[in-house]
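Each chain, written out:
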Amino acid sequence: MENFKAKFKEEAEELIQKLEQVLIKVEDNFQDKESIGEIFRIMHTLKGSAGMFGFEKTGMLTHRMEDIYHAIRDGESQLSEEIVDLTLGSLDLLKELLKTDEKLPKKSKQELEKLLIRAIDYVPEENEKETKSESEETGSGNKKYDDEKETGEGIFFYILFQPQKDILSRGIDITSVFYELDELGEFFGFPILENVPETKDFVPEDFYLGWDLFIYTNGSKEEISDVFLFFLDHEYTIVPVEPYTLETNKEFTEKCVNLKNKKTSLNDIKSRLEALTPKKKSKTKKEDEAEKEEIINEKETAEEINEKDPIQALKDKKENETIKVKASKLDELINLVSDLVTINSRVETISQNIENADLKKAVQSISKLSKRFRDNALELRLIPVKVLILKMQRLIRDLSKQLGKEVEFVTEGTQTELDKNIIAKLEGPLLHIIRNSLDHAIEDPDERERNNKPGKGVIRFIAFYSGAHVFIQIQDDGRGIDTEKIKAKAVEKGLIEKNSQLTKQELYNLLFQPGFSTAEKVTQVSGRGVGMDTVKKEINDMRGQIDIDSEIKLGTSVTLKLPLTLSIIDTLMTKVKDTTILIPVEFIVQTQLNTYKDKKQRPDQVDFNNNPIPLIPLRKDFDENGDIPEKEKIIIVRQYDRHYAITVDRIIGEHQAVVKPLGHYQKDHPYFSGSSILGDGSLALILDINKIISNKKNQMESS
Amino acid sequence: MKKRVVVVDDFKNTRWVVEFTLKNENLEILSAENGKEALKHFDGQNIDLLITDLNMPEMDGIELVKEVRNMEKYQFIPIIMLTTERNPQKKQMAEDIKVTAWIQKPFKQDQFKKIVKKALRI
């Protein structure tokens, strides 16, 4: 039972999400019959299964909602802003109910009661209707659910099968047809005996039978055709049919002239077809009328499908079919694949020293395979950024109302895919950025009109690929960032000198300083101190970067640059003494030999493009004497618009590293963010550029 | 018991490709360069499938099929005709002499495997 409960919760969460989507859609058009119908249906489904699994309050709430939308659907009342608000409110409560197993905290309990009372106002003639609608609806509603299942699951085919007389001498075993059809689905048939001759004319090697066959299958027409692979085109015909369209299906009636002339009547077939239809319940008389209507509808849809080529439709469906997998299982798979890749490179290294062509070939194949395996497995974790949109939509909707602003939300590239772990971590930062845009950037309608802007502001979400990265941009057409204000504030906070000359970009970067907020008044919404610095940290933690660009009075855009996946990175392999250090390639600008004037003493800064940049000598931290190796290499890295020089003893080459997190005790290590096992089984450390640079900055500031 | 398949083609490469395609199907493959040689395999032992080329020296595919179908033991065995032949007349002829399936060379491995497995009912 617990298991079922978990399933129910999972399903319910999905439905609630769907509801949110539909609600936001319906808000643009209160007359959208289709969406209203959908809301009603989802509420109904929720009510039904909530009752079944003992979620009483959930059932009560959804029942009330269902009533409201039932009335709207039937034209007895009108959808309004208030109802949408009420529904959204109920969704929040539903989520909480699910989460807490209906053990609501006191505050939410009161909210639920209030909501239930408010909801009554929107159901017309409630007392009179309730009992009636209750019984009626469960009947028709359940049926609808069944019907949906039915049409979604399988399809009927009629097959006229009339092999030629010589079929046996062609080496074909007819019985295999029936065995294979049996595997495809449930079927029945009637033999065609017309061609069977009188005993005196009977030739034992000849074949005289034929069949009218009916099959209900989840398979496609192609799969059925495959059963008849060895038969000639004129020996079989496959026609998709529905029990209801039997009389109207032209192809079918043409092909089954045989049937009509015989004892088997069309009605007989119909009833047998219907008997095959799964979960078809016997209906009460009362429902018969509704039933008729539905038959007509189904006829129409069946015809529609016919026009669209039912087979293609079926195929499309198959290709888009998905299954649900527990995230932890997926993570386990990725872990195993990473181990495989690691061991594989070990095997590669070992086999290099063994002269055996067969072994080398085999190892090569394994390497290829495991790389494909890895790519495939990683792809499993990619999900479209679309899943983030909903939350943003909801936030914009609620907030803009609260703030008295009008905002349109435009999205682009929502199919762009990212690792699910990144998506999960992105939610917070993105919502924060949106909150900022709404609160600080987008002006009140009045102010906008004074500045000759349309009263309705625009927030744009854009996602796209570029190389091994995904870019996400949040743009708004608000008032832009006033660099003067930033400067004043920074001076006030003692972050910069009053007369320091900073570029626009450097000023924007100040926004990422802890505790920096330019909002003149702290509103309920933003400017609570947990600002952009947290956002930046979270983005950096997933090896991403964040950039702000703005044009005063025109708008602001915040750009996130994110890696496609967290578990594999391209690195440059280097050595510092005996330690192998991997430096993520994405930060590296170039590498060069050292140009120290004094070979015994490292300078604090080196020249890069005629600018002095700070030097970070890794060796100093590994070797207390700090001897400078003769050919010490300098690697220029860039963080945002600043360059830094990191020194290493030797550069080995490029290396694709499978990232393993550091152990618990080392997770706050000041330089490294992870490790990786190399081909020879030894360990390499992955340098965290963000960490090491901020470390360097602190050092510089304190000295 | 392993199913036994006779593969006949005068071109060594084709025989090799057929064997390669079927190598994982756990079959015993007997090959021959032409019809005459192939007939030697039909000596009373169980044969489950004949895959043969159409145009071959000594004895061509059509004649081979006729001979095989004439033997009582092999009267109903499945036969796959494998050929580059596009001449419709010849194709009609092969149909007349009753082969189970007809595969045009060059063939797609998957399709070929599917047909063979179906003919063998594996």
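How each quantity is defined
- Residues numbered from 1 in each chain as written.
- Chains lettered and ligands numbered in written order.
- Predicted model: local features only at pLDDT ≥ 70, side-chain atom pairs only at ≥ 80, totals over all residues.
- Heavy atoms only, no water.
- Helix = DSSP H or I, 4+ residues; strand = E, 2+ residues; numbered from the N terminus.
- Buried < 20%, exposed > 50% of the residue type's maximum accessible area, 1.4 Å probe, protein only.
- Contact = heavy atoms within 4.5 Å.
- Areas by Shrake-Rupley, 256 points an atom, 1.4 Å probe, with all protein chains shown as cover.
- Salt bridge = Lys/Arg side-chain N within 4 Å of Asp/Glu carboxyl O.
- Buried area = accessible area lost by both parts, 1.4 Å probe.
- Pairing = 2+ DSSP bridges.
- pLDDT = per-residue confidence, 0-100.
- Core = buried A, V, L, I, M, F, W, Y, C linked by side-chain atoms within 4.5 Å.
- Axes fitted to C-alpha atoms, helices over the stretch in contact; angles between N-to-C directions.
- Expected span 1.5 Å × (residues − 1).

Caption draft 1: Structural detail: the overall build of chain A. When you go through chain A residue by residue, the secondary structure sums to 23 helices and 22 strands. Counting the 703 residues in chain A, one finds 46% classified as buried. Taking all contacts inside chain A whose residues are at least 6 apart in sequence as the whole, residues at least 24 apart take part in 71%. Working note: accessible area of chain A is about 38,900 Å², and carbon and sulfur atoms make up 50% of it.

Caption draft 2: The arrangement of the pattern of salt bridges in detail. All names here are of chain A. The final tally for this structure, using the stated rule, is 38 salt bridges over all chains. For glutamate 27, the salt bridge is made with arginine 397, and the minimal N-O distance between the two is 2.9 Å. Here glutamate 27, found in the loop between helix H1 (2-26) and helix H2 (33-52), pairs with arginine 397, found in helix H16 (residues 386-403); they are 370 residues apart in sequence, far enough to count as distant. The class for arginine 397 is buried, based on a relative accessible area of 9%. Glutamate 506 is the partner of arginine 642 in a salt bridge, and the nearest nitrogen-oxygen pair spans 3.8 Å. Taken together, the residues span a long stretch of sequence, with arginine 642 in strand E18 (residues 642-648) and glutamate 506 in helix H20 (residues 504-510) at a distance of 136 residues. Residue classification places arginine 642 among the partly exposed residues on the basis of a relative accessible area of 44%. Judged by relative accessible area, glutamate 506 falls into the partly exposed class, the value being 22%.

Caption draft 3: Just the interface of chain A and chain B, in detail. Counting residues at the interface gives 17 residues for chain A, matched by 16 residues for chain B. The junction of chain A with chain B conceals about 1,300 Å² of combined surface from both sides, 58% of it contributed by carbon and sulfur atoms. Taken together, chain A and chain B are joined by four salt bridges. Asp166(A) is paired through a salt bridge with Lys98(B); the nearest N and O atoms lie 3.2 Å apart.

Caption draft 4: Expanded view of the pairing of strand E15 (residues 605-608) of chain A. Residue and element names in this part refer to chain A. The alternating pattern of E15 places Val606 and Phe608 on a buried face and Gln605 and Asp607 on a face that is not buried. Here E15 pairs with strand E16 (residues 611-617) via four bridges, running antiparallel. When the bridges of E16 are listed, glutamine 605 appears paired with proline 614. Hairpin connection of E15 to E16: two residues between the antiparallel strands, including asparagine 609 at a positive phi of 50°.

Caption draft 5: Structural detail: the confidence of the model for chain B. All names here are of chain B. Residues with a pLDDT of 70 or more make up 94% of chain B, whose mean pLDDT is 85. Highest mean pLDDT in chain B belongs to strand E3 (residues 49-52) (93); lowest belongs to helix H4 (residues 88-96) (68). Overall fold confidence (pTM) sits at 0.46, and the ipTM for the predicted complex is 0.79.

Caption draft 6: Here's a closer look at unusual backbone geometry. With a phi close to 70°, Glu102(A) is a non-glycine residue in the positive phi region. In the Ramachandran plot, Asn26(B) falls in the positive-phi region, its phi being about 60° despite a non-glycine side chain. Mapping Asn26(B) onto the fold places it in the loop between helix H1 (12-21) and strand E2 (27-32).

Caption draft 7: Summary view of the nonpolar core. All names here are of chain A. Grouped together as the largest cluster of nonpolar side chains are 46 residues, with contacts concentrated most on Leu426, Phe461, Ile472, Ile546 and Leu560. For this core, the leading source of residues is helix H17 (residues 420-441), giving eight residues. Setting aside residues up to four positions removed in sequence, phenylalanine 461 forms contacts with Val385, Ile389, Met392, Phe409, Val410, Thr411, Glu412, Leu430, Ile472, Gln473 and Ile474.

Caption draft 8: Structural context of the sheet that holds strand E1 (residues 155-161) of chain A. Residues and elements named next belong to chain A. Read from one edge to the other, the open sheet built from four strands follows the order E2-E3-E1-E4, with strand pairing classed as antiparallel. Taken across any chain shown, the strands that pair with only one partner, and hence form the sheet edges, are strand E2 (185-192) and strand E4 (236-241). Each neighbouring strand pair of the sheet contributes to a mean axis angle of 15°, computed without reference to strand direction. Running at roughly 145° to E2, helix H7 (residues 175-184) makes contact with E1, E2 and strand E3 (210-217) of the sheet.

Caption draft 9: How the structure looks around the side chain of Ser108(A). All names here are of chain A. One can find serine 108 in helix H5 (residues 106-120). Given a relative accessible area of 8%, serine 108 falls into the buried group. Leave out the neighbours within four places in its chain, and serine 108 touches Leu93 and Glu96.

Caption draft 10: Representation of helix H15 (residues 357-380) of chain A in the model. Residues and elements named next belong to chain A. For H15, which comprises 24 residues, the first-to-last C-alpha distance of 35 Å matches the rise-based estimate of 34 Å (1.5 Å per residue) to within 8%. Taken together, the buried positions of H15 are Val363, Ser367, Ser370, Arg374, Ala377 and Leu378. Along its buried surface, H15 packs onto helix H14 (327-352), strand E5 (382-384), strand E12 (568-576) and strand E19 (650-658).

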